[in-house]
Amino acid sequence: MAISVQNVCKRFGDFVALEDIALEVPAGSLTALLGPSGSGKSTLLRVIAGLEKADSGDVFIGDIHATPLPAHRRDVGFVFQHYAAFKHMTVAKNIAFGLEIRKRPRAEVAERVDELIKLVQLEGFGDRYPSQLSGGQRQRMALARALAVEPEVLLLDEPFGALDARVRTELRAWLRRLHDEMHVTTVFVTHDQEEAMEVADTVVVMNRGRIVQEGNPQEVYDHPADEFVMHFMGHVNLIGDAYVRPHDVEIRVEPNGTTSPAVVRRVLRLGAQVRVELVVDGGEPVAAALSRDEADRLPLEPGEPVFVRPRRERRFAEPEAEPAKA
């Protein structure tokens, strides 16, 4: 079911959380709201869910005007960063909770719980309590509980934020597979650009209560709308007036007329990738990212002279000056 957000504004006192937000989320898609703390992404998610009331604007879920509806009538599943599990209930009871309060038949509840436990790969854990699960297992339980009532829309607010890096990576891949199986319209909030790019069909970048860019992950990464998006989507060097990603920095042994002299300052070998810190033109720091094969062909020792040039660079027009007031 598609989501349409139309001209939504929200203030908290003098703080503008959302300013004239317009967003279309296609049915069955997986969309990431990406941005720094305070950018408005969680507030927007809560407005869609009905957990926060917008000052103006409208939300449609499918053909239904959801703006006047309370959260429990929007047919939305919501998962928070912290699992909010019922500690006194088993995994199976947590998952069944939403069905039981809707007075579904006992046999239907049992069948649905068994189906979801298998779907989220928690077979054998149904009789355990949340305190007996790992962080990743608790988050999968929370997702199963949200999916139990078969919502048309699933909203995830930094669902993996409280987990360690390895578990986050595993759950990102799992969430993508789960979405491909179920095709529930899903919107998730994250401040991690790698997470957004790995999981989402569409990335919506937010800053200071506004949407600054939206598109597929590769488009947003390769063609950022402005300097903010360029910086937020990953590490970048500023060489003169050009922005250059580390993987777009070429290191050569000899000059070729388009290179600048540089000196190797530090080499970090990180598995399949090698990061090289350089000083260009006697003072400008530049970071390069190479494959192991590329690095092995170069004299990459601290103090070694080399030559660098950008393979691809991005420039942004200077913002227009505001007209002087009379």
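The structure this text deals with has already been given above.
Sequence order sets the numbering: in each chain, residues are counted from 1 along the sequence as written. Where local features are concerned, this predicted model is filtered to residues with pLDDT of at least 70; where side-chain atom pairs are given and counted, the filter is 80 or more; whole-chain, interface and lining totals use all residues. As a rule here, side-chain values come from all non-hydrogen atoms in the structure, and water together with hydrogens is ignored.

Engineer: Teacher, can you tell me more about unusual backbone geometry here?
Structural biologist: The bulk of non-glycine residues show a negative phi, and the bulk of peptide bonds are trans. With a phi close to 55°, Asn 7 is a non-glycine residue in the positive phi region. Runs of E in the DSSP output that reach at least two residues are strands. Runs of H or I that reach at least four are helices, and both are numbered from the N terminus. With respect to the helices and strands, the residue Asn 7 is situated in strand S1 (residues 3-12). When a residue's accessible area, from a 1.4 Å probe over protein chains only, is under 20% of the maximum for its type it is buried; when over 50% it is exposed; and in between it is partly exposed. Judged by relative accessible area, which is 45%, Asn 7 ranks as partly exposed. The phi torsion at Asp 75 lies on the positive side, around 55°, for a residue other than glycine.

Engineer: I would appreciate a short explanation of the layout of surface pockets in the present structure.
Structural biologist: Summary: where empty space remains is shown by rolling a probe the size of a single water molecule over the atoms. Cavity and pocket criteria rest on a 1 Å grid covering protein atoms alone: a 1.4 Å probe that fits but cannot get out defines a cavity, protein on both sides within 12 Å along at least 5 of 7 lines defines an open pocket, and an atom within 4 Å of a point defines a lining residue. Grid points are joined across faces, edges and corners, and a volume is the space filled by probe spheres set on the points. What the largest pocket holds in volume is close to 670 Å³. Taken together, 23 residues line the largest pocket, and the ones lying closest to its centre are Val 76, Gly 77, Phe 78, Arg 102 and Ala 146. If you list the elements that add at least two residues to the lining of the largest pocket, you get strand S6 (76-79), helix H2 (91-101) and helix H4 (135-147). Tallying contributions element by element places S6 first for the lining of the largest pocket, with 4 residues. Here the term charged refers only to Asp, Glu, Lys and Arg, the term nonpolar to Ala, Val, Leu, Ile, Met, Phe, Trp, Tyr, Cys and Pro, and the term polar to all other amino acids, Gly among them. Within the lining of the largest pocket, the residues separate by chemical class into 16 nonpolar, 3 polar and 4 charged. Forming the walls of the second largest pocket are 18 residues, and the residues nearest its centre are His 235, Pro 246, Gln 273, Arg 275 and Ala 289. When contributions to the lining of the second largest pocket are tallied by element, the ones reaching two or more residues are helix H6 (193-199), strand S15 (273-280) and strand S16 (284-291). Looking at the lining of the second largest pocket, its residues break down into 9 nonpolar, 5 polar and 4 charged.

Engineer: Help me out: how do you make sense of the packing of H4 against helix H5 (residues 165-182) in this one?
Structural biologist: Pairs of packed helices are described in terms of their axes, by the angle between the two and the distance that separates them. Following both chains from N to C, one finds H4 and H5 inclined at 20°, their axes separated by 11 Å at the closest point. With respect to H5, the element H4 is oriented roughly parallel. Crossing of H4 against H5: the hand is right-handed. Note on element contacts: H5 touches H4 through Val 167, Leu 171, Trp 174, Leu 178 and Met 182, opposite Gly 136, Gln 139, Arg 140, Leu 143 and Leu 147. In this analysis, axes come from line fits to C-alpha atoms, helices being fitted only over the stretch in contact, and the angle between any two N-to-C directions falls in the range 0 to 180 degrees. Orientation categories follow fixed angle ranges, with anything under 35 degrees roughly parallel, anything over 145 roughly antiparallel, 65 to 115 roughly perpendicular, and all other angles oblique. In a left-handed crossing the near helix is turned counterclockwise from the far helix by less than a right angle, and in a right-handed crossing that turn is clockwise. Any two residues having at least one pair of non-hydrogen atoms within 4.5 Å are treated as being in contact.

Engineer: I would appreciate a short explanation of the environment of Met 1 in the present structure.
Structural biologist: For Met 1, the position within the fold is in the segment before S1. Residues Met 1 and Ala 27 lie 26 residues apart in sequence; the distance between their C-alpha atoms is 4.3 Å. Ignoring any residue separated from it by four or fewer positions in sequence, one finds Met 1 in contact with Ala 27, Gly 28, Ile 61, Gly 62, Glu 152, Val 153 and Thr 185.

Engineer: I'm lost on the packing of H2 against H4 in this one. Help?
Structural biologist: Viewed as axis vectors pointing N to C, H2 and H4 meet at an angle of 30°, and their least axial separation amounts to 7 Å. With respect to H4, the axis of H2 lies roughly parallel. Like other packed secondary-structure pairs, H2 and H4 cross with a definite hand, here right-handed. For the pair H2 and H4, contact is made by Val 91, Asn 94 and Ile 95 and by Met 141, Ala 144 and Arg 145, respectively.

Engineer: Would you take a moment to explain the nonpolar core for this structure?
Structural biologist: One broad trend across soluble globular proteins is that nonpolar side chains are buried collectively. Ile 95 and Leu 154 are the most contacted members of the largest nonpolar core, which has 45 residues in total. By residue number, the principal contributor to this core is H4, which donates 6 residues. Remark: nonpolar core denotes a set of buried residues (Ala, Val, Leu, Ile, Met, Phe, Trp, Tyr, Cys) joined through side-chain atoms within 4.5 Å. Listed in part, the 25 residues of the second largest apolar core include Leu 45, Val 59, Phe 78 and Met 206.

Engineer: What's the story with H5 in this structure? I'm lost.
Structural biologist: Three- or four-residue spacings in an α-helix give side chains the same orientation, since the helix completes a turn every 3.6 residues. Helix span is expected to be 1.5 Å times the residue number reduced by one. End to end, H5 covers 26 Å across 18 residues, agreeing with the expected 26 Å (1.5 Å per residue, within 8%). If you check which residues of H5 are buried, you get Val 167, Arg 168, Leu 171, Arg 172, Trp 174, Leu 175, Arg 176, Leu 178 and His 179. Those residues of H5 hidden inside the fold are in contact with strand S3 (30-34), helix H3 (106-119), H4, strand S7 (153-157), strand S8 (185-190) and H6. Count one or two residues on from H5 and you reach His 183, which has phi positive near 60°.

Engineer: Sorry if this is basic, but what is going on with the pattern of salt bridges here?
Structural biologist: Charged atoms that come close allow side chains of opposite charge to pair. Each salt bridge in this description consists of a side-chain nitrogen of Lys or Arg and a carboxyl oxygen of Asp or Glu lying within 4 Å of one another. This model, assessed by the stated rule, comprises 21 salt bridges. Arg 176 is paired through a salt bridge with Asp 201; the nearest N and O atoms lie 2.9 Å apart. Of this pair, Arg 176 sits in helix H5 while Asp 201 sits in the loop between H6 and strand S9 (202-207); the two residues are 25 residues apart in sequence, bridging distant segments of the chain. What makes Asp 201 partly exposed here is its relative accessible area of 31%. The closest approach of N and O atoms between Glu 250 and Arg 252, which form a salt bridge, is 3.1 Å. Glu 250 gets classed as buried once you look at its relative accessible area, which sits at 14%. It is possible to trace a salt-bridge network through shared partners that takes in Arg 172, Glu 194, Glu 195 and Glu 198.

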